[in-house]
Structure formats: C-alpha cells, structure tokens
Amino acid sequence: MAFGSLATPLGEMTVAVTEEGVAGTGWGDRRWLAGRLLDGLGLTEADDPGRTAPVLGELADYYAERLKVFTVPVDWRLTTSVQRAVLGTLYETVPYGQAVTYGELADRSGTGIPARAIGSIMGANPIPVIVPCHRVVAAGGLGGFSGGEGVESKRWLLTLEGYLQPMLDWS
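To start, this report covers the structure provided alongside it. These figures come from a predicted structure and were not determined experimentally.

### Things to note about the overall build of the chain
- Across its full length, the chain holds 6 helices and 5 strands.
- In the chain, the succession of α and β elements from N to C terminus is β-β-β-α-α-α-β-α-α-β-α.
- Against the compact-globule benchmark of 16 Å for 171 residues, the chain has a radius of gyration of 16 Å, which places it among compact chains.
- By its C-alpha atoms, the chain is 45 × 45 × 25 Å across when sized along the principal axes.
- Each of the 171 residues in the chain was classed as buried or not, and the buried ones make up 47%.
- Separation between the mean location of the 13 positive side-chain charges and that of the 19 negative ones in the chain comes to 5 Å.

Shown next as structure tokens:
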C-alpha cells in the first residue's frame, strides 16, 4: 500500500492506494491511517508515488473546483458487504452538488437497514470525499461528520459543491 498526502483547505489529507485502487483517505495523522489500513488489509507499505499520483491529482482538482466526478478505482476491501452496499449506492447515485437523507440512502441501498444505522456506516467510511459521505444529511439539518473538523468540514464540502449557500462572514 502506498501513501501520499496533499494540503487542502480542510487540512492535510492522506491517501492510501493499493494495487486495486484507493483504499483510504483521511485528514490528520498519516500514521493513524497507515496503521488502520495496513493492519486491516494485511499489506505492507510501498514507496510508490506513481500509484498515489492519480488520486492526489484528482483530489487537488476537486478542491480547486475543477473535478466533479472521481474516476480513480476504489478498493472496497476494508468494508463489510453491508457497508459496501450502502457506500456503493452513495458513490453511484449521489452526484456532486446533491445530497440525500440518511433515510433515503437506507431505502436506495436495498439493504433493509434502518436510517439510524446509515450514520454509523458513514462514520466508518474509509474513503471520505471520494466516497462522498458528506453528501448524506439529516432530514432536518446536516447531521454528523467524523472527518476533518467534524460538521464544519461537512458544511465546507457541501458549500464547495454548491449544495449549501456560502455563509456570510460578519467579522
């Protein structure tokens, strides 16, 4: 598994890429992401900037508002079959600039799991931003977000995509 990172408006983002595709993304400490993913897949770390370059490039383009659809392959091995069904439905059916409620995603996924379980699956998403868990909102508000700075990062991503209007800065 190869690792790379890039500076984003939400902080340093680390990516983990296997020979099959991107297996993880996250903000903050690279060691935490590396430990979680290497242990979870039983892989060793590889120094392979060529493997991470496409993922880092697409993320840089996303944050610069030049990319709306990620095309890098995804390695789903860190997800259970139910997580894969829900996250795969999200990845395939909720495009840039749109959002879905937890209940709507539960229905769309066809898994039969309740809406409240969707939040747990979103919180366990190993590939935030590329698999856009920030696009899943509560029926009456934003809901939670475990990446970056929490709900403020979710708000920032949804504003970047045009789903939310920018907030006024009164300072």
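### Some details on helix α1 (residues 30-41)
- If you check α1, its first and last C-alpha atoms are 16 Å apart, about what 12 residues at 1.5 Å a residue would give, namely 16 Å.
- When α1 is considered as a whole, its buried residues turn out to be Leu 33, Ala 34, Leu 37, Leu 38 and Leu 41. Looking straight down α1, one finds that the buried residues subtend no more than 110° of arc, so they occupy a single side. Seen from the open side of α1, the exposed residues pointing more than 90 degrees away from its buried face are Arg 31, Trp 32, Asp 39 and Gly 40.
- Count one or two residues on from α1 and you reach Gly 42, which has phi positive near 65°.

### Topic: the nonpolar core
- Leu 59, Leu 90 and Met 122 are the most contacted members of the largest nonpolar core, which totals 39 residues.
- Counting residues per element, the ones that place at least two in this core are β2 (11-17), β3 (22-27), α2 (49-63), α3 (81-93), α4 (102-109), α5 (115-123) and α6 (151-160).
- At 5 residues, α2 tops the list of elements feeding residues into this core.
- Discounting residues that sit within four places of it in the chain, Leu 90 has contacts with Val 100, Leu 105, Met 122, Val 131, Pro 132, Cys 133 and Val 136.
- Counting residues in hydrophobic clusters, the runner-up holds 9 residues, among them Phe 3, Ala 16, Leu 33 and Leu 41.

### Section: the sheet that holds strand β1 (residues 2-8)
- Spatially, 3 strands are ordered β1-β2-β3 in an open sheet, and the strand pairing comes out antiparallel. Of all the strands in the sheet, just β1 and β3 have a single pairing partner and so form its edges. Taking each pair of neighbouring strands and ignoring which way they run, the sheet shows an average axis angle of 20°.
- Relative to β2, β1 runs antiparallel, the two sharing 7 bridges. Looking across to β2, one finds that Ala 7 is bridged to Glu 12.
- Against the sheet, α1 makes contact with β1, β2 and β3, and its axis sits at roughly 155° relative to β3, the strand it touches most.

### Quick look at the side chain of Ser 109
- Tracing the backbone through its elements, the reader meets Ser 109 in helix α4.
- A polar side-chain atom of Ser 109 sits 2.9 Å from a polar atom in the side chain of Thr 111.
- Not counting residues up to four positions away in its chain, the partners in contact with Ser 109 are Ala 85, Val 86 and Thr 89.

### Remarks on the pattern of salt bridges
- Inspection of the entire model under this criterion finds 7 salt bridges.
- With its nearest N and O atoms 3.5 Å apart, the salt bridge here joins Glu 152 to Arg 155. With Glu 152 and Arg 155 both in helix α6 and 3 residues apart, this pair spans about one turn of that helix.
- You can call Glu 152 partly exposed: its relative accessible area is 47%.
- Because the salt bridges share partners, they merge into one network encompassing Glu 19, Asp 48 and Arg 51.

What counts, and where the lines are drawn
Residues numbered from 1 in each chain as written. Predicted model: local features only at pLDDT ≥ 70, side-chain atom pairs only at ≥ 80, totals over all residues. Heavy atoms only, no water. Helix = DSSP H or I, 4+ residues; strand = E, 2+ residues; numbered from the N terminus. Rg over C-alpha atoms; globule rule 2.2 N^0.38 Å. Buried < 20%, exposed > 50% of the residue type's maximum accessible area, 1.4 Å probe, protein only. Lys, Arg positive; Asp, Glu negative; His and termini not counted. Charge placed at Lys NZ, Arg CZ, Asp CG, Glu CD. Expected span 1.5 Å × (residues − 1). Arc of directions from axis to C-beta. Core = buried A, V, L, I, M, F, W, Y, C linked by side-chain atoms within 4.5 Å. Contact = heavy atoms within 4.5 Å. Pairing = 2+ DSSP bridges. Axes fitted to C-alpha atoms, helices over the stretch in contact; angles between N-to-C directions. Polar contact = N/O pair within 3.5 Å; in protein donor to acceptor, adjacent residues only side chain to side chain. Salt bridge = Lys/Arg side-chain N within 4 Å of Asp/Glu carboxyl O.

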